[in-house]
Amino acid sequence: MPQYFGKLQTTEQPWSTIGSVESINKTDRTIHFNCGEISLNISILAPNLIRVRMSPNPPQPPLSKGGQGGVESRSHSITVPDEEWEITPFEVRETDEKIEIETSQITISVKRSRAAIECFDKSGKPFASDCDRSMGWRAGATAGWKRIEADEHFYGFGERTGFLDKLSEVKTNWTTDSLDYNSLTDEMYQAIAFYIALNPDRAYGIFFNTTFWSQFDIGAEKPGVLRMETRDTELDYYIIYGPEPAQIIATYTQLTGRMPLPPKWALGYHQCRWSYESEDIVRELAKEFRDRAIPCDVIHLDIDYMRGYRVFTWSPKRFPDPAKLIADLKAAGFKVVTIVDPGVKYEPEADYEIFDRGVENDYFVRTAEGKLFHGYVWPDKAVFPDFMRPEVREWWGELHKTLTDIGISGIWNDMNEPAIAERPFGDGGEHISFPLDAPQGPESDRATHAETHNLYGLMMAKACAEGLQKVRSGERSFVLTRSGFAGIQRYSSVWMGDNQSQWEHLEMSLPMLCNMGLSGVAFVGCDIGGFAGNATAELFARWMQVGMLYPLMRGHSAMSTAQHEPWVFGSRTEKICREYMNLRYQLLPYIYTLFWEAATAGTPILRPLLYHFPRDRATYHLYDQVLLGPSLMAAPVYRPGVEHRAVYLPEGTWYDWWTGECYHGPTHILACAPLERMPLYVRGGGIIAIAPVRQFVSEEPLESLKMRIWPGTGEWTLYEDDGQSFEHEKGVWATTNYKVYLEEEKIIVEIAAREGQFSISEREVIVEVVGVGEQRFIDDGTVRRLTFG
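Residues numbered from 1 in each chain as written. Predicted model: local features only at pLDDT ≥ 70, side-chain atom pairs only at ≥ 80, totals over all residues. Heavy atoms only, no water.

Undergrad: Residue-level account of the overall build of the protein chain, with values.
TA: Tallying secondary structure elements over the protein chain gives 13 helices and 51 strands in all. Taken over C-alpha atoms, the radius of gyration comes to 27 Å for the protein chain, in line with the 28 Å a tight globule of 789 residues would show. Dimensions along the principal axes, computed over C-alpha positions, put the protein chain at roughly 80 × 75 × 60 Å. Taking the contacts inside the protein chain whose residues are at least 6 apart along the sequence as the reference set, 67% of them involve residues at least 24 apart. By element, 49% of the accessible surface of the protein chain is carried by carbon and sulfur atoms, the whole surface being about 29,200 Å². Between the centroid of the 79 positive side chains of the protein chain and the centroid of its 110 negative side chains there is a distance of 1 Å. (Helix = DSSP H or I, 4+ residues; strand = E, 2+ residues; numbered from the N terminus. Rg over C-alpha atoms; globule rule 2.2 N^0.38 Å. Contact = heavy atoms within 4.5 Å. Areas by Shrake-Rupley, 256 points an atom, 1.4 Å probe, with all protein chains shown as cover. Lys, Arg positive; Asp, Glu negative; His and termini not counted. Charge placed at Lys NZ, Arg CZ, Asp CG, Glu CD.)

What follows is the structure, given as structure tokens:
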């Protein structure tokens, strides 16, 4: 009994629930359900996409011209407005018991008795259906309850620790500095209230469209019931039908946006530490990479490059001539990325222009009483820009010119949850946030921090990305952020924050990154080697093997830890790191094409096996094997002393990357995995483009390209452009389609004519059918048909 342990029983405030449907009316996009004082709107935005809105207090106004109804979209809404979707045909049927809405893909049934929503696919199978309690509200909250179907599993939810499937867990959406997170941590740096529900014959997604604190209970409190709750006054969510994860993510990223194509150098290896604290140390670091022939494209500078942690400044003692340093690094093939935090040092009458200009224009967050809000971060007492206001974002974005003018190529946004302490760092104290009643945003659309907290990192990243596009005109930039919200992929790449040099964090990195990819954020990574603590040589070697697969491949470590560069662990580890970093650079044509797919269709780059095998129950809990794109599967080792591991091979033919040995799935095998080897497999019919090894992406023109093709039936399109400008947005790109199939015991490789306006310099193409043979030709972009065997 709880009272025996000092806990008094409490009575939870009851939920009020929506009543029966009294009447309906409809426009070309929306059906309005009149439920007494409560109204419900269902908007049909695409054949597989509907929006549900219920606002109990105050009642919703009549339908707008655009067919949305309800509360009008805020200036900080991140979804495509309803009226911008093409009109989707649908049919409405009414009976005494229900109202049915049918599109070409799904049927939505609304019961008259309690306005409960049920969805069905074309075969009549239910999905995303309300429970007996469908929608409700109480003081300060609204909620919806969905039925968890038999054998249903749940993925996505943004940045999450633990395993891949989130069934029976509770997930809270509130951006938080999650220092020292572990597998049980709930709130994280990112807040993305989107999930995919999958069972063997169908799948659907839900995006919970609220910026307030929100939470999913995925059958934890009551098995078979999923509750989504928000501290908003309106319940607003989208249902996306699959029937497979690929279609769901394509529609979700159409709704919330897709990533821009990054500069190609950003796909190379990034080296970072808190901190490389002087020019001399940075120069020595760069020299070590080149002398040891270890590929690297990017060096990150953490907070110690600044003068007293003042943003947009340089330390005159430790970095006396940053322009020359960056120019010299550029000559050696390195790009430089600098950290920028949101906290601006509170420094009146000290000629610190950032502070002075911000105060003069009233750009910083104030309390509800009108006082300038302050907290403590790296520069001690600090104030914080109100990124919800467009004029503040524009100002902040233009400030990056002080960095880009001396050659900085990218920006790393940190501490932007925002992470704030109540007293100076080092003095202990509690983490705080802006007061929840602090006003933010433009006067015409003012909100409180309770509504905008989750958006702070997103809006800072937006300010940075839009600013860089202006000040680095004509050249793509790289942006990295720790905090974000749904749609962050439009502005920035994301890393999983301050992880630890522990085997558990290596193991956890794959499901974390896969769930981010299933949440629409493809350009993601974890700190290789772990940020906090000291990696062993074995852990670092295994982590570099896994890190080769990360879309963002960055090594990073904390001050007070041992050095974590690839060569500090001894010659054996250095050799392993070099081999897998070389492999990463060889795979860049393949990986860059995956980035193009992410930019054009929202497709994840790093994928759990369930993405391509959604009907195979064996993949539903499989978190420690991943697919890099459609063809290359890895089964990393994530425990010390392990030299063999079980590997699941789904349906089809699979080839060992290293030996060429052939397997037929579905089956389990025992893979040999000494420290030098991470098990890698390729699907039959897989086509992977391989480039020569480079020390940095643009070291030499691509004079030869190998297409490795494994026997089977398959098709793949290679994407190419200049890798740095925005000319690809004007059609200056090239694609080449490759097909492989069997014909009368011969293997045929068909190469289609190159498409697009990007000019390819003369190069040799080697087509290798693995285990069979190879053919070479000078690539002139014309149609070819090659026969092997």
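Undergrad: Give a detailed account of the pattern of salt bridges, specifying residues and quantitative values.
TA: Within this structure, the stated rule accounts for 60 salt bridges. One salt bridge connects Arg 227 with Glu 229, and the closest N-O pair in it is separated by 3.1 Å. According to the relative accessible area criterion, Arg 227 is buried, its value standing at 12%. Arg 310 is the partner of Glu 347 in a salt bridge, and the nearest nitrogen-oxygen pair spans 2.7 Å. You can see Glu 347 sitting in the loop between strand S24 (344-345) and helix H4 (353-360) and its partner Arg 310 sitting in the loop between strand S22 (298-301) and helix H3 (322-331), a full 37 residues away along the chain. Judged on exposure class, the residue Glu 347 and its partner Arg 310 are both buried. In this structure, a network of salt bridges that share partners links the residues Glu 91, Arg 93, Lys 98, Glu 100, Glu 102 and Lys 122. (Salt bridge = Lys/Arg side-chain N within 4 Å of Asp/Glu carboxyl O. Buried < 20%, exposed > 50% of the residue type's maximum accessible area, 1.4 Å probe, protein only.)

Undergrad: Could you give me a rundown of the nonpolar core, with the residues and numbers involved?
TA: Membership of the largest hydrophobic core comes to 190 residues, with the highest contact counts inside it found for Trp 396, Trp 657 and Val 767. The dominant element in this core, judged by the number of residues it contributes, is helix H8 (residues 456-471), at 9 residues. Those residues within four positions of Val 767 in sequence are excluded, and the remaining contacts are Met 707, Ile 709, Val 749, Ile 751, Gly 773, Glu 774, Gln 775, Phe 777, Leu 786 and Phe 788. One finds Ile 44, Ile 99, Phe 216 and Ile 218 within the second-largest nonpolar core, a separate group that totals 42 residues. (Core = buried A, V, L, I, M, F, W, Y, C linked by side-chain atoms within 4.5 Å.)

Undergrad: Break down the sheet that holds strand S4 (residues 38-46) for me, with residues and values.
TA: One open sheet holds the 8 strands; their spatial order is S2-S3-S4-S5-S20-S17-S16-S13, and the pairing between them is antiparallel. This sheet does not close on itself; its edge strands, each paired only once, are strand S2 (23-26) and strand S13 (153-156). Strand-to-strand, the axes of this sheet are offset by a mean angle of 20°, without reference to chain direction. Pairing analysis gives 7 bridges linking S4 to strand S5 (residues 49-55), with the strands arranged antiparallel. Along S5, the bridge assignment pairs Asn 41 with Arg 53. (Pairing = 2+ DSSP bridges. Axes fitted to C-alpha atoms, helices over the stretch in contact; angles between N-to-C directions.)

Undergrad: Outline the packing of aromatic side chains, listing residues and values.
TA: Across all of its chains, the model carries 47 aromatic pairs by this definition. Both rings, one in Phe 387 and one in Trp 396, keep their centres 5.4 Å apart while their planes meet at 80°; by these two values the pair is edge-to-face. In this structure, Phe 387 and Trp 396 share a single accessibility class: buried. Taking the centre distance of 6.4 Å and the plane angle of 50° together, the rings of Tyr 623 and Tyr 638 count as tilted. Remark: Tyr 638 occurs in the loop between strand S40 (632-634) and strand S41 (644-656) and Tyr 623 occurs in the loop between helix H13 (609-612) and strand S39 (626-628); sequence separation between them is 15 residues. Each member of the pair, Tyr 623 together with Tyr 638, is buried. Over the ring of Tyr 592 we find Lys 264; its NZ or CZ atom is 5.1 Å from the centre of that ring. One residue, Arg 708, lies across the ring of Trp 657, its end atom 5.0 Å from the ring centre. (Phe/Tyr/Trp six-rings, centres within 6.5 Å; stacked < 30°, edge-to-face > 60°. Lys NZ or Arg CZ within 6 Å of the ring centre and 35° of its normal.)

Undergrad: Describe the packing of helix H9 (residues 503-517) against helix H10 (residues 537-547), and please don't skip the residues or the numbers.
TA: Where H9 contacts H10, the two axes come as close as 10 Å, and the packing angle between them is 5°. Viewed along their axes, H9 and H10 adopt a mutual orientation that is roughly parallel. Here Trp 503, His 505, Leu 506, Ser 509 and Leu 510 of H9 come into contact with H10, specifically with Glu 538, Leu 539, Arg 542, Trp 543 and Val 546. (Parallel < 35°, antiparallel > 145°, perpendicular 65-115°, else oblique.)

Undergrad: Let's hear about the side chain of Thr 404: which residues, and what values?
TA: Mapped onto the fold, Thr 404 is located in helix H6 (residues 401-404). Look past the residues within four positions of Thr 404 in its chain and what remains in contact with it is Leu 468, Val 471 and Arg 472.

Undergrad: Talk me through the sheet that holds strand S14 (residues 170-173); I want residue IDs and the actual numbers.
TA: One open sheet holds the 6 strands; their spatial order is S1-S11-S12-S19-S18-S14, and the pairing between them is antiparallel. Because the sheet does not close on itself, it has two edges, and the strands there are strand S1 (16-17) and S14. Sheet analysis places strand S18 (residues 214-218) next to strand S19 (residues 225-230), joined by 5 bridges and oriented antiparallel. The residue bridging Phe 216 from the neighbouring strand is Met 228, located in S19.

Undergrad: Run through the packing of helix H5 (residues 390-399) against H8, naming residues and quoting values.
TA: Helix-helix packing is characterised by the crossing angle of the two axes and by the distance between the axes. Between H5 and H8, whose axes approach to 7 Å, the crossing angle comes to 55°. In terms of their interaxial angle, H5 and H8 are classed as oblique. Of the two elements, H5 crosses H8, and the hand of that crossing is right-handed. Where H5 abuts H8, its residues Arg 393, Glu 394, Trp 396, Gly 397 and Glu 398 lie against Met 459, Met 460, Lys 462, Ala 463, Gly 467, Lys 470 and Val 471. In terms of residue class, the contact of H5 with H8 is made up of 5 nonpolar, 2 polar and 5 charged. (Left-handed = near helix turned anticlockwise from the far one by under 90°. Nonpolar A, V, L, I, M, F, W, Y, C, P; charged D, E, K, R; others polar.)

Honestly, that's just the spatial picture; any functional story needs more than this.
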